[in-house]
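Secondary and tertiary structure notes
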Amino acid sequence: DVKVTQSSRYLVKRTGEKVFLECVQDMDHENMFWYRQDPGLGLRLIYFSYDVKMKEKGDIPEGYSVSREKKERFSLILESASTNQTSMYLCASRIDGGPLHFGNGTRLTVT
Amino acid sequence: SQQGEEDPQALSIQEGENATMNCSYKTSINNLQWYRQNSGRGLVHLILIRSNEREKHSGRLRVTLDTSKKSSSLLITASRAADTASYFCATARGADGLTFGKGTHLIIQP
């Protein structure tokens, strides 16, 4: 079974802090994704990556960046956290054309 | 951009009854997928139906796809308390991952 692991289940950060959300998958998937989930808005794609060192913007990339130095790891970076980035963050991976495999999410609160 | 829209937003039924959720989408698709999310957890893939398929079964799940109406339905038969969750349809946006709807929250009453 594919395992996608997000490093933290809950995270509380202060406004202006730099925040790193880490995601690791163990199935050698090429594609990795970061979504955020908010009540009433559903899941929205932030960034995705086809391969190591490659990244593409999703629908809401503003205020975020990503890093993919190794195939199994995809990091989401909030350069300067703001309260409107309080959300549930979901990482996912897949092979080309396959279904998404999600981690359990990181619930981030920015105060 | 939101592609799929689930209907209803919330559904409450008795255990043992069947649950039907619908999904409508706007543009042409490669495939349509259904996912389940238990409270506070990540999403779990349930079933994928390709654009050239009309119906697919997996255990107690039955999915239909009508590309002329740009709609899909998910039927869960003989519902159980453990089926209580949110259900999302998702459409493939080429190679760029999936676009999800806002979900149907299903509650199974014992």
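For the structure given in this document, a descriptive report is provided here. This structure is a prediction, so every number in the text was calculated from the model and none was measured.

1. Some details on the overall build of chain A
Along the backbone of chain A there are 0 helices and 12 strands. Reading chain A from its N terminus to its C terminus gives the helix and strand order β-β-β-β-β-β-β-β-β-β-β-β. For 111 residues, the compact-globule formula gives about 13 Å, and the C-alpha radius of gyration of chain A, at 13 Å, lands near that figure. With the C-alpha coordinates aligned to their principal axes, the bounding extent of chain A is approximately 35 × 25 × 25 Å. Look at the contacts in chain A between residues 6 or more apart in sequence, and 54% of them connect residues 24 or more apart. For chain A, the exposed surface amounts to about 5,300 Å²; the carbon and sulfur share of it is 49%. Computed over 16 positive and 15 negative side-chain charges, the separation of the two mean positions in chain A equals 6 Å.

2. Re the environment of A:Arg44
Residue and element names in this part refer to chain A. One can find Arg44 in strand β6 (residues 42–49). Considering only alpha carbons, one finds Arg44 and Pro61, 17 residues apart in sequence, at a separation of 9.9 Å. Beyond its immediate chain neighbours, meaning those up to four positions away, Arg44 contacts Trp34, Tyr35, Arg36, Asp38 and Ile60. One polar contact links Arg44 to Asp38, side chain to side chain, over a distance of 2.9 Å.

3. Side note on the side chain of B:Thr104
Residues and elements named next belong to chain B. Of note, Thr104 is situated in strand β11 (residues 104–109). For Thr104, the side chain forms a polar contact with the main-chain oxygen of Pro8, separated by 2.5 Å. Residues contacting Thr104, with those up to four places away along its chain left out, are Glu6, Asp7, Pro8, Gln9, Leu11, Met21, Ala85, Ser86 and Tyr87.

4. Focus: the pattern of salt bridges
All names here are of chain A. By the definition in use, this model includes 8 salt bridges over all chains. The salt bridge involving Arg36 is made with Asp38; its shortest N-O contact spans 2.8 Å. As far as burial versus exposure is concerned, Arg36 and Asp38 are alike and both buried. One salt bridge connects Glu69 with Lys53, and the closest N-O pair in it is separated by 2.5 Å.

5. Some remarks on the state of the cysteines
Under the criterion given, the structure shown has 2 disulfides over all chains. A sulfur-sulfur separation of 1.9 Å characterises the disulfide bridge that pairs A:Cys23 with A:Cys91. Every disulfide takes its handedness from the sign of the S-S torsion; for A:Cys23 and A:Cys91 that torsion is -75°, giving left-handed. Of this pair, A:Cys23 sits in strand β4 (residues 23–25) while A:Cys91 sits in strand β10 (residues 87–94), placing them 68 residues apart in sequence. In this structure A:Cys91 comes out as buried when scored by relative accessible area, which is 0%. Between the sulfur of B:Cys23 and that of B:Cys89 lies a disulfide, 2.0 Å long from S to S. Across the S-S bond linking B:Cys23 and B:Cys89, the dihedral sits near 65°, which makes this disulfide right-handed.

6. Some words on the packing of aromatic side chains
Evaluated as defined, the whole model comprises 8 aromatic pairs over all chains. With a centroid separation of 6.0 Å and 25° between ring planes, the pair formed by A:Phe33 and A:Phe48 is classed as stacked. Pair noted here: A:Phe33 is in strand β5 (residues 31–38) and A:Phe48 is in strand β6, with a separation of 15 residues, a long-range link. On the numbers, 6.0 Å between centres and 70° between planes, the contact of A:Phe102 with B:Phe100 is edge-to-face. You can see A:Phe102 sitting in strand β11 (residues 101–102) and its partner B:Phe100 sitting in strand β10 (residues 98–100), one on each of two chains. Each member of the pair A:Phe102 and B:Phe100 is classed as buried. These aromatic residues form a ring-pair network of at least three members: A:Tyr35, A:Phe102, B:Tyr35 and B:Phe100.

Conventions and cut-offs
- Residues numbered from 1 in each chain as written.
- Chains lettered and ligands numbered in written order.
- Predicted model: local features only at pLDDT ≥ 70, side-chain atom pairs only at ≥ 80, totals over all residues.
- Heavy atoms only, no water.
- Helix = DSSP H or I, 4+ residues; strand = E, 2+ residues; numbered from the N terminus.
- Rg over C-alpha atoms; globule rule 2.2 N^0.38 Å.
- Contact = heavy atoms within 4.5 Å.
- Areas by Shrake-Rupley, 256 points an atom, 1.4 Å probe, with all protein chains shown as cover.
- Lys, Arg positive; Asp, Glu negative; His and termini not counted.
- Charge placed at Lys NZ, Arg CZ, Asp CG, Glu CD.
- Polar contact = N/O pair within 3.5 Å; in protein donor to acceptor, adjacent residues only side chain to side chain.
- Salt bridge = Lys/Arg side-chain N within 4 Å of Asp/Glu carboxyl O.
- Buried < 20%, exposed > 50% of the residue type's maximum accessible area, 1.4 Å probe, protein only.
- Disulfide = S-S within 2.5 Å.
- Phe/Tyr/Trp six-rings, centres within 6.5 Å; stacked < 30°, edge-to-face > 60°.

Just distances and angles here, no functional claims.
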